[in-house]
Every structure is written in C-alpha cells, then in structure tokens.
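So you can see what is in the structure, the chains are spelled out below.
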Amino acid sequence: MKPFIFHAQTSDYFHEKDGILTVKLMTDRSDWNRVLLRHEPDNEEYLLDTIKFGAEGRLTEWQVSFPVNSDRDITHYVFKLVDSKGQHWLDARGVHSRVPSREFHFKFNAHHRPASWVSEQVFYQIFPERFCNGNPSISVKAGEYRLKENTLDVVVKEWGDSVEGHNGTGAAEFFGGDLAGIHNKLDYLQELGITALYLNPIFQSPSNHKYDTTDYYKVDPHFGTNEEFAALSSDIHARDMKIVLDAVFNHTSVEHPWFDKLKTNISSSNLNSEKGAYGHSDSPYHDYYFFKPNDSTQYVGWKGISSLPVLNFSNEAVRGHIYQSEESVIKHWLKAPYDIDGWRFDVIHMLGEGEGAYNNAHYVKAFRDSAKDENPEAYILGEHFFEASQWLQGEQEDGSMNYYGFAHPVRALLAKQDIAYEPINIDMFTFSDWLAEARAKVPWLNQLSQLNQLDSHDTARMLTLLNGDEAKQKLALTLLFTYVGTPCLYYGTEVGLEGGQDPDNRRCFPWGAEQTSHWFSFHQALISLRTERRSLQSGAYLELYCDAETLVFARCLGGEKTLVVLNLSNKEKSLALPLWMLGQEQGELVALLGQIERVLICNGTAEIVIPAMQSMIFDVDNKLD
C-alpha cells in the first residue's frame, strides 16, 4: 500500500518571495530516514533535505526552501522519501516507487503567470446568432446576399425553427441573434450567476458563425455596430463582469479585401481600392497568403477548405495588422472604448509560416506579448481540441479550451464516446488517471486558468450525448463546477437545451424555458457554490477515494475544505472516507448539495452512504454545534 504523501502549489503549501520558493509536504509517517526535494538549478540533480516543521492531526509537515531556476522560466521539482525498505517519489500526479519523468514534475513559472481573476469566474459561451434577437431591423433578410463563393443563398428562419443537418447548409441559416439581444439579457445572466462572457466571433463576416472574417475592425452589421459593442462592454464591466472575444487569425474569408476572390473590392465604387491577392500576383496582398509558384489562383485553405485562405505570418505586414503595431487587431479591441478582458484564439496551434504551422510557438508567444503589453491582466485562451501542454507552460497561453484534460475524459466516462463520437469505455480509475496526467503536465496557475466545458459550438451537447439522462448530466455538471479549472457553460445548457453535431448544437435559445425549467435552479445552486467558495476556485485538489464507479475528492484552501462525492453506480455505496488526509480527525460534513444533511467525522473517518447515480458536495467543518 502506498504511503500518504501530499504537496500542492496553493498558498497553504507553497510560497515565493524574492526568487526563493518555500514548499511544504505532508506525510502520514514521521519515521522516514530522509525526506528530500529534488530540483535542477543547472540541469543537474540537487537533493535538499527537508525539515520537520509541525503536525496536523496524524500528518507530519515537512518544509524546505530553494531558489527558482535562473537559467530558464520554469522551475521543476519533485520529492524523494527514503526508508530502510526502499523509496517513494511524489510528483504532480501522485506517489510512485521510482524517479518520475520530468514531464510530470511540479512546475512553477516565475515570470509568466495568468491573471488571478480568471479562476474566480464562471464563464458563459454565447453563439451570438442564436442567443437572442434584440433588434430585428438589422437581421439578415431573405435574398440579401449569397455565401460559399456566391453559390448559396442565405436562409432566413423564424426563431426556434430547426437548424440544418450536419454537413448541410447550416452556415447560411440566419435567425437574428445580435448584440442588442445579449445586452438585453445581462440581468438574466447575472441572476444565473454568470460573471464572464465568451462570445464566438462578432466581426464582419458572411456566415452565421463568423469564422470567415472580412473586416477585423468592424462588428458585423447584422449583429450591431462598434458603438453598440462598446456600450455592451461598458455595461458588462459596470456589473463587475468580464468579456472575452474570439479571434480568427489563422485564416480570413475569401471575401476579405486582402484576398477578394469575388472581385467585390476592385469592382466597388472605391476607385482607390487595391487589388486583392486572388488572381493578382502583383497585388500588395499577394504574400499575405500562400499561393503556388506562378499561380495566384491556387492557394492554401484551412484544412483544405477553399473559402478560408490561410494567412502567412512570415509577412511583416500581416504581423503588423494582427499583433505588432499599436493599431493591430489584438491591441485595438483591448483599448478603450471596448476594453475587452481577453482573447480566445481560434485554431491557434495551426498558424505560422506555411503549411505545418512552422514557427508556431514564436507567434503564439508574440500574440500573448502584444495583448499583455496593452493589458497585463488580459486572458490568453487557446483553442486546442487535443493535448495543449506545450502551449501551457506560461509564456504562450494562460489556458486552453480544456478538451483534452476535461471534456474528453468526462465524455468518455459518462457518454462512452470519444471526441470523434466513437465508442470508448473507461471506468473511474482510468478517468482519475487521465485527469491527473493532464493536470501534472501544466503549471498549477495555468491549470486553474484552463477553460472547462462539457460542450461547445464545435461539439454535440452533453445532454444529447447522454440521451437525456438527467442523473448523468447532473454528475457532469457537478464536475464542471468543482474540478480544477475555470467553468464555462455553453448557452442554453442551464435550461436543458439539446443538440447534436454542428450545426444542431447551435439551436436558438428557447426563451421562456428559463421560467419553467428545473435545470435553471440546479445550475444556479452549483454556480453559487463555485462563486462563494474560494476552495472551488483555486483550492488544492486531493483525491480521497476512487473505485471503478466512485470518486471522492477535496478542494482545500486556507482552512476551507470542500468535499465532492460522485457515485456512477446504479446502487447506493457505503464509504468510509479518510478525512485524516485533510488533517481532519474530528468534526462533521455539512451538506452543500445532496440529500444527506450532516455526517460526523470520528477518528479521522466519515461514514457516508451515497445514493445511486448521484453526487454530493460537503463543507468539512472543524466544529460541532
């Protein structure tokens, strides 16, 4: 049986001052021959003896101080404990019998850290065209224009009508959602408990999803005006809320004046318009994109899609437009009067110099530096459908849309599907290992800034994947609001909105349902817990129990301890929980969510019975009334 050894990088266990780190380790034994910290100040192993510093219940506290690395931004360290029978090591995943790979060492980036406000938020993702129609006079009109290189008429539908099937004409369907609609619903969002908004693209574009930009400096006129967005942002900030916008810098629309495949730019009344890159090798914008030699009609499209020509960041003018100049797009929207609080960068891992995303890390860092230069507290969020560890070491992104470290494993556990909608069957042991591995690869502060979602505009909705299974959806939501990272609800989840693959996952918000849906109060209760309890925002994560169907973990910070119990079994479970791991020998568990009201803690253990297919959340209280 493995010994209990625990360390976290929260303020309870970790302190940095003037380049010196002081760290604390907790063990269930005090008789180790040696308790050592291993670090690599010059790429060579150094082992430092820790000292006994105190006790908490049956736990022994050990402490040691050491300097941060001077040769690189990230300091790596692990713990080595030795007795007469052998040794144990503690890395960011847990306890092991041998020295662990450096990939899983505890990491601290002394120079690049996310803004602390991020982990305090509850985000809400809005697909603007489907959230609320606040100004029908600016909605797309039937026959107004065509999409897909002038081959597809726009389709105007009544609010709430069904959307086109997957791989159909979904990008051409318009229901009329706009910025005025979002503005009108801020009171509703605050009632729900939302503190930050993430909007899918709002800039000028022919499609409903706006990932094919034609003007980075102009709000799409069917959504509103720049002035309306400035007013929306101002009101959001007056309510002490935040707003993050979607940036699509890997590619543009073929209708962007730089590309102008349809020749709308030079055929307009603007006689000073420059020729677009398409079909004009002498265009000043030719090198903004990737063309085949001697053929300005053959170009690289994102994932082979001809309507989305890829931008060439080896071109100085592109760099200037997007991030380098004071008037760059990244800086423009961070400045007054818009004052956005961060950017979510679409397919950020794919952009660079040519096919293959050459020099990608350089440009992601440059995006970060540009944004932080304008607003040091800006949130830098990357879209990565798979593992994003290499972008999350501090100097590139603050966080990613945490598909790999949260959405994928939750979907695999509960819906038995992977991200490609193919069957997968994992139990709670594998789920726990998956989460631990993903956490361990990333510095703690970046873990807290990961954007955790159950679903998004790019995935089928979780409730639909679960075939409407409300018990499993509640388990998923409990994880969303209690796990490490920043929770983000996809619009409509709080009223049970369903939807299959894109574009069915982009249905209109069913206004009126918020008044009758039983889901609303459940979400509201979870959001309230998340907002009120600092331990759920940035507390250490400590797993207390796991079997094939059950997981129990605690989030702890500054004396506040939140216990989360999840039972996936179709039978109730009786558990003896080792609360002594939290330094808790006596006291009680007080229910925050669930059917049980109070459970006594006796001699470091709490005996609980958890009903089938349910979750419970408790406050761990030291005192008995």
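Residues numbered from 1 in each chain as written. Predicted model: local features only at pLDDT ≥ 70, side-chain atom pairs only at ≥ 80, totals over all residues. Heavy atoms only, no water.

An unreviewed UniProt entry lists the chain under the name Maltodextrin glucosidase, with Vibrio pomeroyi given as the organism.

**Student:** Explanation requested: the sheet that holds strand 24 (residues 379-382) in the structure shown.
**Tutor:** An order of 25-24-23-20-17-12-27-26 is seen for the 8 strands of this open sheet, with the pairing classed as parallel. Each end of this open sheet is capped by a strand with a single partner; those strands are strand 25 (399-400) and strand 26 (451-452). Where strand 12 (residues 123-126) meets strand 27 (residues 486-490), 3 bridges bridge the pair, whose relative direction is parallel. Its bridge partner lying in strand 27, Tyr124 is registered against Leu489. Across the face of the sheet, helix 11 (residues 470-482) comes into contact with strand 26 and strand 27 while running at roughly 135° to strand 27. (Pairing = 2+ DSSP bridges. Helix = DSSP H or I, 4+ residues; strand = E, 2+ residues; numbered from the N terminus. Contact = heavy atoms within 4.5 Å. Axes fitted to C-alpha atoms, helices over the stretch in contact; angles between N-to-C directions.)

**Student:** Explain the environment of Lys474 here, please?
**Tutor:** Position of Lys474 relative to the elements: it lies in helix 11. Linking Lys474 and Arg130, residues 344 residues apart in sequence, is a C-alpha distance of 25 Å. Residues within four places of Lys474 in sequence aside, it is in contact with Trp519, Phe522 and Ser615.

**Student:** I would appreciate a short explanation of the nonpolar core in the present structure.
**Tutor:** One recurring pattern in soluble globular proteins is that nonpolar side chains are buried together. Grouped together as the largest cluster of nonpolar side chains are 118 residues, with contacts concentrated most on Tyr124, Leu197, Phe229, Phe249, Phe313, Trp343 and Phe367. For Phe229, the residues in contact, after removing those within four places along its chain, are Leu179, Ile202, Val219, Ile243, Leu245, Trp333, Tyr338 and Ile340. Counting residues in each nonpolar core, the second largest holds 29 residues, with Cys556, Val565, Met616 and Val620 among its members. (Core = buried A, V, L, I, M, F, W, Y, C linked by side-chain atoms within 4.5 Å. Buried < 20%, exposed > 50% of the residue type's maximum accessible area, 1.4 Å probe, protein only.)

**Student:** Explanation requested: the side chain of Arg530 in the structure shown.
**Tutor:** With respect to the helices and strands, Arg530 occurs in helix 12 (residues 518-532). One buried charge, Arg530, has no salt-bridge partner; the nearest side chain with opposite charge is Glu560, at 10 Å. Among residues more than four places away in sequence, those in contact with Arg530 are Ser119, Val122, Phe481, Thr482, Tyr483, Gly485, Thr486, Pro487, Leu536, Gln537 and Arg555. (Lys, Arg positive; Asp, Glu negative; His and termini not counted. Salt bridge = Lys/Arg side-chain N within 4 Å of Asp/Glu carboxyl O.)

**Student:** Would you mind showing me how to read helix 11 here?
**Tutor:** Spanning 13 residues, helix 11 covers 18 Å between terminal C-alpha atoms, matching the ideal 18 Å at 1.5 Å per step. All of the buried residues in helix 11 are Gln473, Leu475, Ala476, Leu477, Thr478, Leu479, Leu480, Phe481 and Thr482. (Expected span 1.5 Å × (residues − 1).)

**Student:** Help me understand the packing of aromatic side chains, please; the structure alone is not making it clear to me.
**Tutor:** Scanning the entire structure with this criterion turns up 50 aromatic pairs. Taking the centre distance of 6.3 Å and the plane angle of 65° together, the rings of Tyr145 and Phe174 count as edge-to-face. In this pair, Tyr145 sits in the loop between strand 12 and strand 13 (146-147) while Phe174 sits in strand 16 (residues 173-174), placing the two residues 29 residues apart along the sequence. Ring geometry for Tyr188 and Phe509: centres 5.9 Å apart, planes at 80°, overall edge-to-face. Note that Tyr188 is positioned in helix 2 (residues 186-192) and Phe509 in the loop between strand 27 and helix 12, a separation of 321 residues in sequence. The class of Tyr188 is buried, set by a relative accessible area of 8%. Its relative accessible area of 0% is what places Phe509 among the buried residues. (Phe/Tyr/Trp six-rings, centres within 6.5 Å; stacked < 30°, edge-to-face > 60°.)

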